[in-house]
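Spelled out, the chains give:
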Amino acid sequence: MSLVLTLNVCIVLFLWRSVFAGAFLDNFEAKVSAWTFMKDSLGCGFQPDLREIEKEVEFMWRTLPKTSEGLIELRSLRYLTDRYFSHTSNIKLRGFESIVSTNGSTWESAELDQRVPGFSRTVLQGGRFTLNNAVTFVAVLQQSIVNAGTALFDGVASQWGPKTFWTVEELLVALNHFVPLWMGGGSFDGRCFRPQGAQNDLCFQLPYQQLHLRALVEAQVQQLLFTRQRSSWQRASFERTFSHLEAHLLVGSVIQEFSWFYESGCTEMRTLLENVDTMGTGRIPLWHFYSSNELFGESEEYLRDQGVLDYETS
């Protein structure tokens, strides 16, 4: 009962502050308050580590162009955010890739405006941002990504019916079902990944990468078990079980540590392409790309849209 009450109070307080912020975002003081409200919204659900985010972001912050007041523009804020997720989790944020566009992407704006109405239009557009603003911005998107992951996990977990506790074995199975779905979204059909574009009839099972995914999941579960064994409050009879809340914590941990999995895959693909590039020019014929390994199945249209094709090189 106390947990439900706490969450309800959090939601009610957050909604009241959001409505208040949305009504007064046209002056400087209110914009400062809006960032405060946005930071307060982090109090519900998965808790990003603000100090760790700041430590990671600060290195990039020093290199970014700034105004005379030491602030950055929206373009730099989005660049910093994209680099943060790419470096820490190997996640690319859709809509953040372009260095030309400074308009908020649809999913980003919707998430921010849901927390503080009108935030993307009146605070982000044309705004200037402090380091603390950047940390809050990254943390909100990180929380949004993890929350989306836990919602997806709940859908997977529903196959087991309502559960109060998970055994280690059950949770490993559920997480191993969840991770490929979270990775591939609609491109994963439960058996294999299908590339985008005209070649979506190809099916990649990637058994080698599957071993790395399972190792990633196993490592996070074992880490939580080790942490609990050092906690005196944990009763011995529950040492090998997890609550559903702990399952959500593991989902967040897996998402945050995702770069560990991708590192080996990226190294493998880089080596394959370097071996094909016998002239050392950094360019290879498209047919060499397709024939070098079954991993490469993206269509020409998709590759062109990503800006990786050079039609002028003879």
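Thresholds, definitions, all that
- Residues numbered from 1 in each chain as written.
- Predicted model: local features only at pLDDT ≥ 70, side-chain atom pairs only at ≥ 80, totals over all residues.
- Heavy atoms only, no water.
- Helix = DSSP H or I, 4+ residues; strand = E, 2+ residues; numbered from the N terminus.
- Buried < 20%, exposed > 50% of the residue type's maximum accessible area, 1.4 Å probe, protein only.
- Contact = heavy atoms within 4.5 Å.
- Areas by Shrake-Rupley, 256 points an atom, 1.4 Å probe, with all protein chains shown as cover.
- Expected span 1.5 Å × (residues − 1).
- Phe/Tyr/Trp six-rings, centres within 6.5 Å; stacked < 30°, edge-to-face > 60°.
- pLDDT = per-residue confidence, 0-100.
- Core = buried A, V, L, I, M, F, W, Y, C linked by side-chain atoms within 4.5 Å.
- Domains from an automatic or database assignment.
- Salt bridge = Lys/Arg side-chain N within 4 Å of Asp/Glu carboxyl O.
- Axes fitted to C-alpha atoms, helices over the stretch in contact; angles between N-to-C directions.
- Parallel < 35°, antiparallel > 145°, perpendicular 65-115°, else oblique.
- Left-handed = near helix turned anticlockwise from the far one by under 90°.
- Nonpolar A, V, L, I, M, F, W, Y, C, P; charged D, E, K, R; others polar.

**Looking at the overall build of the chain**
Part 1 of the argument: Scanning the chain from N- to C-terminus turns up 13 helices and four strands.
Part 2 of the argument: For the chain, with 314 residues in total, the buried portion stands at 37%.
Part 3 of the argument: For the chain, long-range pairs separated by at least 24 residues make up 66% of all intrachain contacts whose partners lie at least 6 apart in sequence.
Part 4 of the argument: For the chain, the exposed area adds up to about 18400 Å²; of that, 56% sits on carbon and sulfur atoms.

**Brief notes about helix H10 (residues 244-256)**
The α-helix winds at 3.6 residues per turn, so residues separated by three or four positions along the chain end up facing the same way.
Part 1 of the argument: In this model H10 runs 19 Å from its N-terminal to its C-terminal C-alpha over 13 residues, within 8% of the 18 Å that 1.5 Å per residue would give.
Part 2 of the argument: The set of residues buried in H10 consists of Glu-246, Ala-247, Leu-250, Val-251, Gly-252, Val-254 and Ile-255.

**Some details on the packing of aromatic side chains**
Any pair of aromatic rings gets described here by the distance separating the centres and the angle formed by the planes.
Part 1 of the argument: All told, the structure shown has seven aromatic pairs when counted by the stated rule.
Part 2 of the argument: Arranged with centres 6.1 Å apart and planes meeting at 80 degrees, the rings of Trp-35 and Phe-129 form a pair that is edge-to-face. Of this pair, Trp-35 sits in helix H2 (residues 28-40) while Phe-129 sits in strand E2 (residues 128-129), and the two are 94 residues apart along the sequence. For the pair shown, Trp-35 and Phe-129 are each scored as buried.
Part 3 of the argument: A centroid spacing of 6.1 Å and a plane angle of 85 degrees characterise the contact between Phe-153 and Phe-178, whose relative ring orientation is edge-to-face. Taken as a pair, Phe-153 in helix H7 (residues 131-157) and Phe-178 in helix H8 (residues 168-184) lie far apart in primary sequence, 25 residues in all.
Part 4 of the argument: Assessed through its relative accessible area of 0%, Phe-153 is described here as buried.

**Details of the confidence of the model for the chain**
As a general rule, the predicted coordinates of low-pLDDT regions are not to be interpreted in detail.
Part 1 of the argument: On average, residues of the chain score 76 in pLDDT, and 72% of them reach the 70 mark or higher.
Part 2 of the argument: Note that residues 1-25 has pLDDT below 50 and, in this model, 24 contacts with residues that lie over four places away or in other chains.

**Re the nonpolar core**
Part 1 of the argument: Counting residues in hydrophobic clusters, the biggest one holds 60 residues, and the most contacted among them are Phe-119, Leu-124, Phe-153, Leu-175, Phe-178, Val-221 and Phe-242.
Part 2 of the argument: Mapped onto this core, the elements with two or more residues apiece are H2, helix H3 (50-63), helix H4 (74-89), helix H6 (119-124), H7, H8, helix H9 (207-229) and H10.
Part 3 of the argument: For this core, the leading source of residues is H7, giving 13 residues.
Part 4 of the argument: Per-domain counts for this core show at least three residues from each of domain 1 (34-142) and domain 2 (163-231 + 238-269).
Part 5 of the argument: When neighbours within four sequence positions are excluded, Leu-175 is seen to be in contact with Phe-153, Val-217, Val-221, Leu-250 and Val-251.

**Structural notes on the environment of Ala-157**
Part 1 of the argument: With respect to the helices and strands, Ala-157 occurs in helix H7.
Part 2 of the argument: In sequence terms Ala-157 and Leu-175 are 18 residues apart; their C-alpha atoms lie 8.7 Å from each other.
Part 3 of the argument: Not counting the four nearest positions on each side in its chain, Ala-157 is found in contact with Trp-166 and His-244.

**Brief notes about the pattern of salt bridges**
Part 1 of the argument: Scanning the model with the defined rule gives six salt bridges in all.
Part 2 of the argument: Between Glu-111 and Arg-115 there is a salt bridge whose closest N-O contact spans 2.6 Å. A residue pair is termed a helical-turn pair when its members lie 3 or 4 positions apart in one helix, as Glu-111 and Arg-115 do in helix H5 (residues 106-115) at four residues. By the burial criterion, Glu-111 is buried, and Arg-115 matches it.

**Re the packing of H8 against H10**
Packed helix pairs are characterised by how far apart their axes lie and by the angle those axes make with each other.
Part 1 of the argument: Running from N to C, H8 and H10 cross one another at 45 degrees; their axes reach a closest spacing of 11 Å. One way to sum up the angle between H8 and H10 is to call them oblique. Read as a crossing pair, H8 and H10 show a hand that is right-handed. Taking contact as the criterion, the partners of Leu-171, Leu-175, Phe-178, Val-179 and Trp-182 in H8 are, on H10, Ala-247, Leu-250, Val-251, Val-254 and Ile-255.
Part 2 of the argument: Partitioned by chemical class, the residues of the contact of H8 with H10 number ten nonpolar, no polar and no charged.

**A few points about the side chain of Thr-136**
Part 1 of the argument: Tracing the backbone shows Thr-136 in helix H7.
Part 2 of the argument: Residue Thr-136 is classed as buried on the basis of its relative accessible area of 6%.
Part 3 of the argument: For Thr-136, the residues in contact, after removing those within four places along its chain, are Trp-35, Met-38 and Lys-39.

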